[in-house]
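Examining the three-dimensional arrangement
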Amino acid sequence: MLRILCLVSCALLMPSMADPGALLKLGMEFMNKAVKDAMTESQILEKMAAMASQKQAGVKSIKSMTDMKVKEVTPPIITLDFLPGVGIFQCVSTRITITGKSFMGGTMEIIVVVNITATNRLQQDEATGLPMFQSEGCQIVLVSVKTNLPSKMLPKVVNKFLDSTLKKVLPGMMCPAIDTVLEYVNQKWTHLMDPMPVGEAGSIKYILTGTPTTTASYIEVDFSPVVQREEGDTIALPEDGAAITAPEDYPDGSSQLVLSAAFFTAEFTLLQKYFDVDIKGKTIGKLPPHTTKTLSRFVPRVGKAYRKSLPLMTQIRISKPPKDIMKPGKSQLHLHGTIEMFAIPPKSGPSSMFVLEIRFSLDIQYSLSEDKVHMVTSMNKLLDLSVVSSSIRPFKEKKLKIFLTSLLQEAYVPVINGALEVGFPLPDFLGTKYGQSELAIVENALVVDLRTS
Ligand SMILES: *[C@@H]1O[C@H](CO)[C@@H](O)[C@H](O)[C@H]1NC(C)=O
């Protein structure tokens, strides 16, 4: 009751948490692999075997047995279970073979199967803010004991041995092994919240919103990502499009990383300065020449202002933060700014003809490398166009739609794609490589289906 009261009041005391900008849903396949990798890397089995064969203080040997030693510790079977609200229940089942010489001269063997169980509580480390497992309640359960001792002396001798020796020695030997494995798992979160560069523009950090939560089938880690410019200021995630939840339509045991459209919007905003482009030069792909003559076909006033065909310069300035919009199966980058067109006379500087306010959308294709999400865009649609000012007298801007759409596709989009080549870094945790993962776009979010291979 007391605990429940605390949970309620403590929750009330905490600041209200914002919607996560990104979240990780870690299923059992992923946690199994993380623990298995940690076992291998910590070389815990080798260490356990070495420890087991050392002389243990306070260990009495069996009266009728000499030269006792641990011959073998078999590779353990590890089973994990989620404990809702707590963390992971871990059971390590292993077989230990102890040999010795019997007083009659023969070799004796005792084979014990033990289960080491512990609760790995999932917490948020107070000092670092990182997720952290901490084991508690480590217990040794003797599952079975077999010997080649004559059966009539078996119960007495073995029971005595088990009581005085194994039950005393095993916890001290096995429980630190669980802790060691967890230390390895914990270490693999170390870089999770480190700032990761987005080219020269700035960096992003995956900061935890609080203690990760454990349900009956997964662990959820919520992030409020920090997108920071090189100059130091932070770009806030827009409020709309931030509501994301753990995806439910994936198989049990699977794991996903969910990145909100709001988070992408902030990341694109970080790159906004690269979205201002000056288009110069006469030849642009397969387009008609970038000249006043070509333009005059759409805006006759241009032909009247410039009798002789002059080269053009088109200046695109993105004045509002870009916006990433995600709907199931598709994602678009919405850009809002101005287009100013100049004629460039041979002997004087560029002369401005008109300024248009423009809104347009680019389709975004996403792909993954080992540690980043990459984007390639293509022209989708010119959404809105209006004249802000004109030095060649008023004209009908609608006629420019086709001209500008193809100019954006041929000359602007390649520059944007060049700027996007830096990619957006993905969270670095538990040795995850994203190259083999699959992507899906859902309402307001991109879902990365993590593969454990
Ligand atoms: C010991 O662990 C194994 C493997 O996880 C399990 O099948 C068995 O039921 C456990 N036995 C006891 C007595 O806990």
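Residues numbered from 1 in each chain as written. Predicted model: local features only at pLDDT ≥ 70, side-chain atom pairs only at ≥ 80, totals over all residues. Heavy atoms only, no water.

Defined as follows: UniProt positions are given in the numbering used here, feature names are shortened, and annotations may be inferred rather than shown by experiment.
An unreviewed UniProt entry annotates the protein as BPI fold-containing family B member 6 of Phascolarctos cinereus. The heading Sequence similarities (unreviewed entry) in the UniProt record of the protein holds the text "Belongs to the BPI/LBP/Plunc superfamily. BPI/LBP family."

**Quick notes on unusual backbone geometry**
Most of the time, phi is negative for any residue but glycine, and the peptide bond is trans. Test applied: A helix here means a DSSP run of H or I that spans at least four residues, while a strand means a run of E at least two residues long, and both kinds are numbered starting from the N terminus.
Non-glycine residue Arg393 carries a positive phi angle of around 70°. Mapped onto the elements of the fold, Arg393 is located in the loop between β19 (372–390) and α8 (401–420). Although it is not a glycine, Asn444 sits at a positive phi angle of roughly 65°. Following the sequence through the fold, Asn444 ends up in the loop between β21 (438–442) and β22 (445–450).

**Regarding the pattern of salt bridges**
Note on pairing: side chains with opposite charge can pair once their charged atoms come close. What counts, and what does not: In what follows, salt bridge is the name for a side-chain nitrogen of Lys or Arg lying within 4 Å of a carboxyl oxygen of Asp or Glu. Only protein chains enter the accessibility calculation, which uses a 1.4 Å probe. A residue is then buried if its area is under 20% of the maximum for its type, exposed if over 50%, and partly exposed in between.
By the definition in use, this model includes nine salt bridges. Notably, a salt bridge pairs Lys188 with Glu41, separated by 3.1 Å at the nearest N-O pair. Linking Lys188 in the loop between α4 (154–187) and β7 (196–198) with Glu41 in helix α2 (residues 28–42), this pair joins segments that are 147 residues apart in sequence. The exposure class assigned to Lys188 is partly exposed, which follows from its relative accessible area of 21%. A relative accessible area of 42% means that Glu41 is categorised as partly exposed.

**Some remarks on the pairing of β21**
The condition is simple: When DSSP finds two or more bridges between a pair of strands, those strands are recorded as paired.
In terms of strand pairing, β21 meets β22 through five bridges, oriented antiparallel. Bridging from a neighbouring strand, Leu439 pairs with Val448 of β22. Between β21 and β22, which follow one another and run antiparallel, lie two residues, and Asn444 among them has a positive phi close to 65°.

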